[in-house]
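Commentary on secondary and tertiary structure
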Amino acid sequence: MSEARARLLDTASGLFYSEGLHSVGVERIIAAAQVTRATMYRHFPGKDDLVVAYLAQADDMIRARVDAARRANPAAVDAVRAVGRAIADSIRSPGFRGCAFLNAAAEYPDPDHPVHRTVLAHRQWFLGTVTEILAAVGDSDPAPAARHFVMLRDGAMAAGCLSDPDPICETFLLGVEDLLESRLRTRR
């Protein structure tokens, strides 16, 4: 990745996450990244391409965190807890403004739009990954439990930027524990 492209993407990512996708214009990104208009359009043919790149970068970071949690916790139960803790840690991080993907879906509701499709691809991956981990925890159908985990996460991400994140994270992690206990009961 060229230095100019990286600067554009990093600048846009910070602005998009903190202020919203539609509210940040290309001119502002160009000025903040200190590049020319030609440089911007050489790397990103349009703003939507930049938004998709921002979401792809966010997806890469989340995948890396989930993979690290799984590698550090080979037992499935511990991996589920570690993924939950990683989510809670992100909610507690300074400048947290919710889930980049949920925020993007709210701004791009058309299911055929490339930004919305990028959101759906990320969510499909996340649901599939959680399903895979939960399958190793219990022997019954893991799909409902995985959907439950994702809904718990979505709610925590939405609430975590509206009020004190500590009770939100505590509630989310209790929900994860209840979900695990339910899965473990199915094995007994």
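What counts, and where the lines are drawn
Residues numbered from 1 in each chain as written. Predicted model: local features only at pLDDT ≥ 70, side-chain atom pairs only at ≥ 80, totals over all residues. Heavy atoms only, no water. Phe/Tyr/Trp six-rings, centres within 6.5 Å; stacked < 30°, edge-to-face > 60°. Helix = DSSP H or I, 4+ residues; strand = E, 2+ residues; numbered from the N terminus. Buried < 20%, exposed > 50% of the residue type's maximum accessible area, 1.4 Å probe, protein only. Lys NZ or Arg CZ within 6 Å of the ring centre and 35° of its normal. Axes fitted to C-alpha atoms, helices over the stretch in contact; angles between N-to-C directions. Left-handed = near helix turned anticlockwise from the far one by under 90°. Contact = heavy atoms within 4.5 Å. Polar contact = N/O pair within 3.5 Å; in protein donor to acceptor, adjacent residues only side chain to side chain. Arc of directions from axis to C-beta. Core = buried A, V, L, I, M, F, W, Y, C linked by side-chain atoms within 4.5 Å. Expected span 1.5 Å × (residues − 1). Salt bridge = Lys/Arg side-chain N within 4 Å of Asp/Glu carboxyl O.

Moving on, we get to the packing of aromatic side chains. All chains considered together, the criterion is met by four aromatic pairs. With centroids separated by 6.0 Å and ring planes inclined at 70°, the aromatic side chains of F149 and F172 adopt a geometry described as edge-to-face. With F149 in helix α8 (residues 143-159) and F172 in helix α9 (residues 165-187), the pair connects residues that are 23 residues apart, well separated along the chain. Across the pair, exposure class does not vary: F149 and F172 are buried alike. Within the aromatic cluster, the residues linked to one another by ring pairs are W125, F126, F149 and F172. Lying over the aromatic face of F126, R153 brings its terminal NZ or CZ to 5.7 Å of the ring centre.

Two elements in contact, helix α6 (residues 100-107) and helix α7 (residues 114-137), have axes whose closest approach is 9 Å; the angle formed by their N-to-C orientations is 145°. As α6 packs across α7, the resulting crossing turns out to be left-handed. In contact with F101, L102, A104 and A105 of α6, α7 contributes V115, H116, V119, H122 and R123.

The subject of this paragraph is the side chain of H113. Position of H113 relative to the elements: it lies in the loop between α6 and α7. With relative accessibility at 17%, the residue H113 sits in the buried group. Engagement of the side chain of H113 in a polar contact is seen with the side chain of D48, the distance being 3.1 Å. Setting aside residues no more than four positions away along its own chain, H113 makes contact with D48 and Y108.

Here we take up α6. Taken together, the buried positions of α6 are A100, F101 and A104. The arc that holds the buried residues of α6, viewed along the axis, is 95°, so those residues lie on one side. Those residues of α6 that are buried are in contact with α1 (3-19), α4 (47-72) and α7.

By size, the foremost hydrophobic cluster in this structure holds 60 residues, and its most contacted members are F16, L55, F126, L134 and F149. Counting residues per element, the ones that place at least two in this core are α1, α2 (26-33), α4, α5 (76-92), α6, α7, α8 and α9. Beyond its immediate chain neighbours, meaning those up to four positions away, L134 contacts V80, P142, A145, A146, L179, L180 and R183.

In this section: α5. Its 17 residues give α5 an end-to-end C-alpha distance of 24 Å, which sits within 8% of 24 Å, the value for a rise of 1.5 Å per residue. Within α5, the full set of buried residues consists of A76, V77, A79, V80, A82, V83, G84, I87, A88, S90 and I91.

Under the definition given, this model contains 10 salt bridges. As a salt-bridge pair, R70 and E132 come within 2.5 Å of each other at their nearest N and O atoms. Here R70 is found in helix α4, whereas its partner E132 is found in helix α7, with 62 residues between them in sequence. For R70, a relative accessible area of 26% corresponds to the partly exposed category. Of the residues examined, E132 reaches a relative accessible area of 48% and is grouped as partly exposed. We note a salt bridge from R81 to D78, for which the minimum N-O separation is 3.7 Å. Residue R81 and its partner D78 are located together in helix α5, separated by three residues, close to a single helical turn. A relative accessible area of 35% means that D78 is categorised as partly exposed.

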